[in-house]
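Structural description and commentary
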Amino acid sequence: MTKIAFLGLGNMGQPMSRNLVENGFVVTGYDLFPQAIEAAEKNGVVPAQSRDAAIADADIIITMLPTGNDVRGAYMEPGGIIERSKEGALFIESSTISSTITREVAAVAKAAGRRMIDAPVSGGTPRAHAGTLTFMVGGEEADVAQARPLLEAMGAQIYHMGAVGTGHTAKLCNNMLSGICMIGTVEALALGVANGLDPLALTNVMKNSSGTNYALEKYHPFPGLMDAVPSARNFEGGFRSDFQLKDMRLAKELANSSKTLASLGNLACELFAIHCQNGHSAEDYSSIMKLTLDLERYFAEQQADNA
Ligand code: NAD
């Protein structure tokens, strides 16, 4: 039986590891926060008290960590994953980080007789829970084939993009676009509301017109218009705004290094920086709705009108 270690049991790692368990895999989990390990244990994940204990026997190690520095440290620091894992182990790196770091870690792993693929995801927490994530994968064909049953337990679409690092490149292109689309969506909603339109009526129009997009259809930023999305629960528990900012900065770096025009990407990056400076870093990225509309005032006025 293939032994799997899952490191990073946060908003995404928690449901992803649960889906592996529900699909019959034996998963040992570790996180820096003991509460996260306890929560995963309730889903059937075998708890580990240390990273070493989680990875010692593992054939496959999945990482779902916040940033590139976290990933580089976890794999490459003295006593890190590369040093302490079994020879021949396969690493599946699913965090959103730069492809430069991925290639750097993969090269060190290869020299040490380990294998690595990058398999970042899209779909956010709703699709992580549903097991319908999109995976963008970079790596050797045989390694991707070995990882595929696990990816299929957590996702609905698996795209093999090319060599190691290409998954993360695809992910940064996507997140630059989704950040731009979210900002465009909140600006259009705020414009309509400021001019007397009902946000639901406007949503229905735009969803069936040329402005339709993922935010409007699946991840609505306006509170009260869609269930089971972060805007329905005070923007908690989704994709943190500072993670969106991190991804937009990585996309900006990629655009600069490849001399590619990314004017809207750069502007959206600045707007997410302002939103985080305004104190919304830990809220879901759709909370950027607050940058364009004073939601508290809007709902107070609605209540007053209905009284
Ligand atoms: P999160 O902060 O909720 O979870 C990350 C977890 O990693 C935390 O529980 C933290 O304690 C743990 N951690 C950090 N360093 C660790 C280490 N060295 N060893 C073990 N555990 C460690 O973050 P998240 O929302 O789950 O996102 C994780 C990654 O996935 C990020 O790179 C993010 O950009 C990406 N991502 C997130 C979403 C989303 O909707 N939340 C969607 C796609 C991609």
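Provided above is the structure to which this section pertains.
Small disclaimer: the values here were computed from a predicted structure and weren't measured.

1. Some words on the pairing of strand β6 (residues 115-118)
Note: strand β5 (residues 90-93) against β6, 4 bridges, orientation parallel. When the sheet's bridge partners are listed, L90 is paired in β6 with R115. One crossover worth recording links β5 to the parallel β6 by way of helix α6 (residues 99-111), and it is right-handed.

2. Quick notes on the site of the ligand
In the neighbourhood of the ligand, 21 residues make up the surrounding shell, with N11, M12, D31, P66 and K246 lying closest. L65 places a main-chain nitrogen or oxygen 3.0 Å from an oxygen atom of the ligand. T96 is positioned such that a nitrogen or oxygen atom in its backbone is 3.0 Å from an oxygen atom of the ligand. Surface burial for the ligand is 90%, taken as the share of its 830 Å² of free accessible area covered by protein chains. Spatially, the ligand is embedded in the largest pocket. Secondary-structure elements contributing two or more residues to the shell around the ligand are α7 (124-130) and α12 (241-257). Here the shell around the ligand is built from residues that sort into 10 nonpolar, 8 polar and 3 charged.

3. A look at the state of the cysteines
According to the stated counting rule, one finds 0 disulfides in the structure shown. Not part of a disulfide, C173 finds its nearest cysteine sulfur in C181, a span of 14 Å. C269 provides the cysteine sulfur closest to C276, a residue in no disulfide bond, and the two sulfurs are 9.7 Å apart. With relative accessibility at 10%, the residue C276 sits in the buried group.

Cut-offs applied
- Residues numbered from 1 in each chain as written.
- Predicted model: local features only at pLDDT ≥ 70, side-chain atom pairs only at ≥ 80, totals over all residues.
- Heavy atoms only, no water.
- Pairing = 2+ DSSP bridges.
- Helix = DSSP H or I, 4+ residues; strand = E, 2+ residues; numbered from the N terminus.
- Right-handed = clockwise from strand over helix to strand, strands pointing away.
- Near = heavy atom within 4 Å.
- Polar contact = N/O pair within 3.5 Å; in protein donor to acceptor, adjacent residues only side chain to side chain.
- Areas by Shrake-Rupley, 256 points an atom, 1.4 Å probe, with all protein chains shown as cover.
- 1 Å grid on protein atoms, 1.4 Å probe; cavity = no way out; pocket = protein on both sides within 12 Å on 5 of 7 lines; lining within 4 Å.
- Sits in = over half its atoms within 2 Å of the grid points.
- Nonpolar A, V, L, I, M, F, W, Y, C, P; charged D, E, K, R; others polar.
- Disulfide = S-S within 2.5 Å.
- Buried < 20%, exposed > 50% of the residue type's maximum accessible area, 1.4 Å probe, protein only.

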